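Residues per chain are reported as follows:
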Amino acid sequence: MKESLSKRKARGGRVLRALRRAYPDAHCELTHTNPLELTIGCILSAQCTDKRVNQVTPALFAKYRTAADWAAAKPAELEAGIHSTGFFRNKARNIIALGQQLVERFGGNVPNDFDALVTLPGIGRKTANVIMVSAFGQPGIVVDTHMIRLANRLGFTRQRDPVKIEFELQPILPRPQWGHFSHAIVFHGRRCCTARKPQCADCCVRRWCPTRDQW
Ligand code: SF4
C-alpha cells in the first residue's frame, strides 16, 4: 500500500533526527574558505572524488584568488593544474567562463541566489544547492549519487532523476533541515549505506527503512 504523505513526513522526521544524532557535524567535504573556492571545488568534483579535488585545490587557490584571476587563467596552465580530476578540458573551459561571468554580471562575487547560480557555466541544480547550503547557509536538497541511492532505499522516492527526487523530498522534510539532511545522507552513504554492501545491521535508521536487510 502506498504510504501517505503525512506518514512519509513523520517517517522522514524520525530519519532526520537519527541522522542528526549519528552525524551531528556532517558537512561538505570539499575544502574551501569562501563561496568562490567552493564553487570551483564543485565544478572539479564532477566524476571525481572530494579527496582528489582536495589534493589539487590548495595550489590552485594560492594561484587564483579572485573571479578575475580565474577569468584570466591560461587554459593550458589551468588544465595542467586540474588534470588529475578528469574531464580537465571541459572543467577548465567552464571555470574560465564562470570567472568571466562572475566579473561581468555579479561584480566578481558568487551570487547568493539559486536562480542566478544555475545560469552560470558548469553549475546545475546540484551544485547550486551545495553552494546555497554550504556557502550561504540557505536551505537546499543536494541530489548526488548518494542521495539518489539512499532516498530510494529509504522509500522516499522511486525516481532516479535528480530533479524529480529533489521535488519529491521537499514536502517530506522541514525546509530548515534540508541542508543538514543532504550532508548527513552523504556521510551515511559513505560510511554505512554504501552502494555495494550496505551495513543494515548497524544502521542508525534501520527501524524506518523499508528495504533493510534486502541488499
Ligand atoms: S537499513 Fe540498510 S538499506 Fe536502509 S538505510 Fe540503513 S544501510 Fe541503507
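Residues numbered from 1 in each chain as written. Predicted model: local features only at pLDDT ≥ 70, side-chain atom pairs only at ≥ 80, totals over all residues.

Secondary structure summary: the chain contains eleven helices and zero strands in total. Ordered by position from N to C terminus, the α and β elements of the chain give α-α-α-α-α-α-α-α-α-α-α. Compactness check: the chain gives a C-alpha radius of gyration of 18 Å against a globular reference of 17 Å for 215 residues, within 12% of the reference. In terms of overall dimensions, the chain has a C-alpha envelope of 55 × 30 × 30 Å along the principal axes. (Helix = DSSP H or I, 4+ residues; strand = E, 2+ residues; numbered from the N terminus. Rg over C-alpha atoms; globule rule 2.2 N^0.38 Å.)

In this structure, R89 sits in helix α6 (residues 88-106). For the pair R89 and L78, spaced eleven residues apart in the sequence, the C-alpha separation amounts to 8.9 Å.

Here the focus is α6. The terminal C-alpha atoms of α6, which comprises 19 residues, lie 25 Å apart, in line with the 27 Å expected from a rise of 1.5 Å per residue. Buried residues belonging to α6 abut α2 (35-44), α4 (67-71) and α5 (75-82). Note on α6: the residue one or two positions beyond its end, G107, has a positive phi of about 60°. (Expected span 1.5 Å × (residues − 1). Contact = placed C-beta atoms within 7 Å.)

Examined at the domain level, the chain breaks down into domain 1 (5-27 + 141-208) and domain 2 (35-134). Its C-alpha centre places domain 1 at a distance of 27 Å from the equivalent point of domain 2. Each side of the interface is counted separately: domain 1 has nine residues, and domain 2 has five residues. When residues of the side of domain 1 that touches domain 2 are traced back to their parent elements, those giving at least two are α10 (162-169) and α11 (178-191). Counting residues per element, the side of domain 1 that touches domain 2 draws most heavily on α10, at three residues. (Domains from an automatic or database assignment.)

The next point concerns the environment of P210. Summarising the element assignment, P210 is placed in the segment after α11. Each C-alpha atom, one on P210 and one on R153, is 7.3 Å from the other, the two residues being 57 residues apart in sequence.

Turning our attention to the nonpolar core. In terms of nonpolar packing, the biggest core is built from 52 residues, with I95, I131, M147, A151, L169 and F181 touching the most fellow members. When residues in this core are grouped by element, the largest group, six residues, is from α2. The residue makeup of this core includes at least three contributed by each of domain 1 (5-27 + 141-208) and domain 2 (35-134). Ignoring sequence-local partners within four residues, the contact set of L169 consists of I141, A151, F156 and T157. (Core = buried A, V, L, I, M, F, W, Y, C linked by C-beta atoms within 7 Å. Buried ≥ 20, exposed ≤ 12 C-beta atoms within 10 Å, placed from the backbone.)

A separate point is unusual backbone geometry. Of note in this structure, F87 is not a glycine but carries a positive phi near 45°. One can find F87 in the loop between α5 and α6. Classification of F87 as partly exposed rests on a count of 14 C-beta atoms within 10 Å. Phi is positive for D213, close to 65°, though the residue is something other than glycine. As for its position among the elements, D213 is in the segment after α11.

Below, the discussion takes up the packing of α2 against helix α8 (residues 125-134). In contact at an axis separation of 10 Å, α2 and α8 are set at 150° when each is read in the N-to-C sense. Put simply, α2 runs roughly antiparallel to α8. Judged by the twist between their axes, the crossing of α2 over α8 is right-handed. Along its contact with α2, which presents P35, L38, T39 and C42, the element α8 presents T127, V130, I131 and S134. Along the lines of polarity and charge, the residues of the contact of α2 with α8 split into five nonpolar, three polar and no charged. (Axes fitted to C-alpha atoms, helices over the stretch in contact; angles between N-to-C directions. Parallel < 35°, antiparallel > 145°, perpendicular 65-115°, else oblique. Left-handed = near helix turned anticlockwise from the far one by under 90°. Nonpolar A, V, L, I, M, F, W, Y, C, P; charged D, E, K, R; others polar.)

Right, let's get into α8. The element α8 is extensively covered by neighbouring structure, given that nine of its ten residues are classed as buried. When α8 is considered as a whole, its buried residues turn out to be K126, T127, A128, N129, V130, I131, M132, V133 and S134. Here the buried face of α8 lies against α2, α7 (114-117), α10 and α11.

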